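Reading the structure
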Amino acid sequence: MNEIDIVSEGYRRLFGKKDIDTKALPQSGSDRKYFRIFDGNRTVIGAYNANPEENEAFIGFTKHFISKGLPVPEIYGYSQEENIYYLRDLGDLNLFTWLQQKNISGAGFDNEAEDIYKKVLDKLISFQTNGMKGLNLDLCYPHRSFDRQSMMWDMNYFKYMFLKLLAVPFNERRLEHDFEKLADFLLETGQDYFLYRDFQSANVMLISGQPWFIDYQGGRK
């Protein structure tokens, strides 16, 4: 059985619905696969992810963030054995596509865009501070905190997946020295906050001018 059938059958079993229609959504940069389920007057997002640790992080973080009043999608159901979960459909409009539409229309980065960015950054601070309070760090995957190894992974990802792929000339010895100095500097600061990690415009959904947030399962202290 393929993923769309697994997600559809899991939905029918969890919610007792038979007459549904399921459509695959475009895949992004991860291995997770998302589907839109049409169930009468409502739509639900079904997610399939073969990585159970990521699933547990997303489910646990979501429940915690909802308890803190943060705008994240409600979880409707979770089938741990089949690596699928169902959540509120936040639509297709994210901050990235919204800005593209404004640029096409000629509006550019105007007062409306500035107002939305302020809302987004206010919520980011809430994730970092209030979202950290009482968070179960055992859910964090693959590390509980953004430690030196995590920093070096990210910086080497930049080196191998950007500089080398584009054949950008650089001195590797000096670059590695800069990586070490940057890691030392970052580790001097306090680590009492939630690091969202994948905080980008494509992961900020917009509903009636208000931001909602997804893809925080890689977060950590």
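You'll find the structure just up there.
Reference entry: report on the structure contained in this document. Since this is a predicted model, take the numbers as computed values, not measurements. (Residues numbered from 1 in each chain as written. Predicted model: local features only at pLDDT ≥ 70, side-chain atom pairs only at ≥ 80, totals over all residues. Heavy atoms only, no water.)

**Notes on the sheet that holds strand β2 (residues 33–39)**
The condition is simple: Strand pairing is assigned whenever DSSP detects at least two bridges linking the two strands. Helix and strand labels come from DSSP, where a helix needs a run of H or I of at least four residues and a strand needs a run of E of at least two; each type is numbered from the N terminus. Axes, fitted as lines to C-alpha atoms, cover a helix only where it is in contact. Angles between the N-to-C directions of the axes lie from 0 to 180 degrees. Throughout, a residue-residue contact means that at least one pair of heavy atoms, one from each residue, lies within 4.5 Å.
With respect to topology, 5 strands assemble into an open sheet ordered β1-β2-β3-β5-β4, the strand pairing being antiparallel. Strands with a single pairing partner mark the edges of an open sheet, and in this sheet they are β1 (21–24) and β4 (75–79). Taking each pair of neighbouring strands and ignoring which way they run, the sheet shows an average axis angle of 20°. Relative to strand β5 (residues 84–88), strand β3 (residues 42–48) runs antiparallel, the two being bridged by 5 bridges. Looking at β5, one finds that Ala 47 is bridged to Tyr 85. Where helix α1 (residues 3–15) meets the sheet, it contacts β1, β2, β3, β4 and β5, and its direction lies at approximately 70° from that of β5. Helix α2 (residues 52–67) contacts β4 and β5 of the sheet and is inclined by roughly 150° relative to β4.

**A word on the environment of Tyr 160**
For Tyr 160, the location among the structural elements is in helix α5 (residues 148–163). Taking the C-alpha atoms as reference points, Tyr 160 and Phe 146, 14 residues apart in sequence, are found 20 Å from one another. When residues no more than four places from it in sequence are discounted, the contact partners of Tyr 160 are Leu 165 and Glu 172.

**Brief notes about unusual backbone geometry**
Test applied: To sort residues, take the accessible area from a 1.4 Å probe on protein chains only and compare it with the maximum for the residue type: under 20% means buried, over 50% means exposed, and anything in between is partly exposed.
The peptide bond linking Tyr 141 to Pro 142 adopts the cis configuration, its omega dihedral lying at 0°. Mapped onto the elements of the fold, Pro 142 is located in the loop between α4 (111–128) and α5. Even without a glycine there, the phi angle at Ala 167 is positive, about 55°. As for its placement among the helices and strands, Ala 167 is situated in the loop between α5 and α6 (172–187). According to the relative accessible area criterion, Ala 167 is exposed, its value standing at 62%.

**Re the packing of α5 against α6**
Going by this rule: Crossing handedness: left-handed means the near helix sits turned counterclockwise from the far one by under a right angle, and right-handed means the same turn made clockwise. Any residue that is not Ala, Val, Leu, Ile, Met, Phe, Trp, Tyr, Cys, Pro, Asp, Glu, Lys or Arg is counted as polar, Gly included; the first ten are nonpolar and the last four charged.
Look at α5 against α6: their axes get within 10 Å of each other, and the N-to-C directions meet at 145°. Helix-helix and strand crossings are classified by hand; for α5 and α6 the assignment is right-handed. For the pair α5 and α6, contact is made by Arg 148, Met 151, Met 152, Met 155, Asn 156, Phe 158, Lys 159, Tyr 160 and Leu 163 and by Glu 172, Leu 175, Glu 176, Phe 179, Glu 180, Leu 182, Ala 183, Asp 184, Leu 186 and Leu 187, respectively. Classifying every residue of the contact of α5 with α6 by side-chain character gives 12 nonpolar, 1 polar and 6 charged.

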